[in-house]
Amino acid sequence: GTTSGAEDPRGGRKMSALLTLINRIPARDRTLLGVAATRWAAAPVGVCVMSAPMTGAVSVARRAGSANVKDYGVGDGPAAHLLRLIRDAGEDHPTVAELYARASEDPSLGVRSRRHMKSLLNWMRKQQRVQTRNPPPEKPGRGKNWVFQLTEKGEAHIGKIDAAMGR
């Protein structure tokens, strides 16, 4: 007789749910789903076919169906806000401590912690949007105590973002 999807040993409901996600999955990952679906359909009833391609297809479908929790516009992200803070400081180039003090005043900037901010600054330095310099004598501090300033590339980038956002 017929069985419902919940009783189907091959997991008919799960497979149909996976196949409905195909349109949301990037083309590079669709081959995994195609191979898995073919193998799944060819298997006799009662045989478990959870192969390596199927495992990959399940993880791809799980990724495609999950919400992006870091979904913010380019101009509203924490890196853009840090670039604006550095730009707005002018010739008084800020240190890490000063930047974190300014960023932690407003939680809407998106900087979650000092470590998060420092990793963003390091990434921006690698992208050549900011550069570090030795601090001037009037800014004594412990350790390296670098100050940050925008590069030409960083100025152009934040200018493009602000123009696109209408600021």
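Each value, and the rule that gives it
- Residues numbered from 1 in each chain as written.
- Predicted model: local features only at pLDDT ≥ 70, side-chain atom pairs only at ≥ 80, totals over all residues.
- Heavy atoms only, no water.
- Helix = DSSP H or I, 4+ residues; strand = E, 2+ residues; numbered from the N terminus.
- pLDDT = per-residue confidence, 0-100.
- Contact = heavy atoms within 4.5 Å.
- Axes fitted to C-alpha atoms, helices over the stretch in contact; angles between N-to-C directions.
- Parallel < 35°, antiparallel > 145°, perpendicular 65-115°, else oblique.
- Nonpolar A, V, L, I, M, F, W, Y, C, P; charged D, E, K, R; others polar.
- Salt bridge = Lys/Arg side-chain N within 4 Å of Asp/Glu carboxyl O.
- Buried < 20%, exposed > 50% of the residue type's maximum accessible area, 1.4 Å probe, protein only.
- Pairing = 2+ DSSP bridges.
- Expected span 1.5 Å × (residues − 1).
- Arc of directions from axis to C-beta.
- Core = buried A, V, L, I, M, F, W, Y, C linked by side-chain atoms within 4.5 Å.
- Left-handed = near helix turned anticlockwise from the far one by under 90°.

It is worth spelling out the environment of Ala101 at this point. Assignment of secondary structure puts Ala101 in helix 5 (residues 96-105). Considered as a pair, Ala101 and Arg114 are 13 residues apart in the sequence and their alpha carbons are 9.4 Å apart.

Okay, the confidence of the model for the protein chain next. For the protein chain, per-residue confidence averages 74 on the pLDDT scale, and residues scoring 70 or more make up 54% of the total. Within the protein chain, the lowest mean pLDDT, 52, falls on helix 3 (residues 52-65), and the highest, 94, falls on helix 6 (residues 114-126). Predicted confidence is poor over residues 65-71, with pLDDT under 50, and the contacts of this stretch with residues over four places away or in other chains come to one contact.

Turning to the packing of helix 4 (residues 78-88) against helix 6, a few remarks are in order. It is the contact of helix 4 with helix 6, at a shortest axis distance of 10 Å, that shows an interaxial angle of 80 degrees. Compared by their axis directions, helix 4 and helix 6 come out roughly perpendicular. Where helix 4 abuts helix 6, its residues Pro78, Ala79, Leu82, Leu83 and Ile86 lie against His116, Met117, Leu120, Leu121 and Met124. Each residue belonging to the contact of helix 4 with helix 6 can be placed in one class, and the counts come to nine nonpolar, one polar and no charged.

The final tally for this structure, using the stated rule, is three salt bridges. Measuring nitrogen to oxygen at the nearest pair gives 2.9 Å for the salt bridge that ties Asp162 to Arg84. On the criterion of sequence distance, the pair formed by Asp162 in helix 7 (residues 152-165) and Arg84 in helix 4 is long-range, its members being 78 residues apart. Residue Asp162 shares its accessibility class with Arg84, and that shared class is buried.

Of the two faces of strand 2 (residues 147-150), the one carrying Val147 and Gln149 and the one carrying Phe148 and Leu150 are both buried. Two strands pair when backbone bridges link them, and strand 1 (residues 130-133) and strand 2 are joined in this way by four bridges, in the antiparallel orientation. Within strand 2, the position partnered with Thr132 by the bridge is Phe148.

Across its 14 residues, helix 7 extends 20 Å between first and last C-alpha, which sits within 8% of the 20 Å expected from 1.5 Å per residue. Along helix 7, the residues classified as buried are Gly154, His157, Ile158, Ile161 and Asp162. The buried residues of helix 7 occupy one face: seen down the axis, they fall within an arc of 130 degrees. Away from the buried face of helix 7 by more than 90 degrees, exposed residues Glu152, Lys160, Ala163 and Ala164 are located. Looking at the buried residues of helix 7, the elements they touch are helix 4 and strand 2.

Formed by 20 residues in total, the largest nonpolar core has its most connected members in Leu82 and Leu121. For this core, the secondary-structure elements that each account for two or more residues are helix 4, helix 5, helix 6, strand 2 and helix 7. Ignoring anything within four residues of it in the chain, the contact list for Leu121 reads Leu82, Ile86, Leu99, Val130 and Phe148.

Once that is clear, we can look at helix 6. Structural remark: α-helix, 3.6 residues per turn; residues separated by three or four positions point the same way. Taking 1.5 Å per residue, 13 residues should reach 18 Å; helix 6 reaches 18 Å between its end C-alpha atoms and fits that length. Tucked into the core, helix 6 has its buried residues touching helix 4, helix 5, strand 1 and strand 2. At the exit of helix 6 stands Gln128, carrying a positive phi of roughly 60 degrees.

It is worth spelling out the packing of helix 4 against helix 7 at this point. A pair of packed helices can be characterised by two numbers: the angle between their axes and the separation between those axes. Viewed as axis vectors pointing N to C, helix 4 and helix 7 meet at an angle of 115 degrees, and their least axial separation amounts to 10 Å. Taken together, the axes of helix 4 and helix 7 lie roughly perpendicular to each other. In terms of crossing hand, the pair formed by helix 4 and helix 7 is left-handed. In this structure, helix 4 uses Ala80, Leu83, Arg84 and Arg87 to contact helix 7, whose residues at the interface are Glu155, His157, Ile158, Ile161, Asp162 and Met165. Within the contact of helix 4 with helix 7, the residues separate by chemical class into five nonpolar, one polar and four charged.

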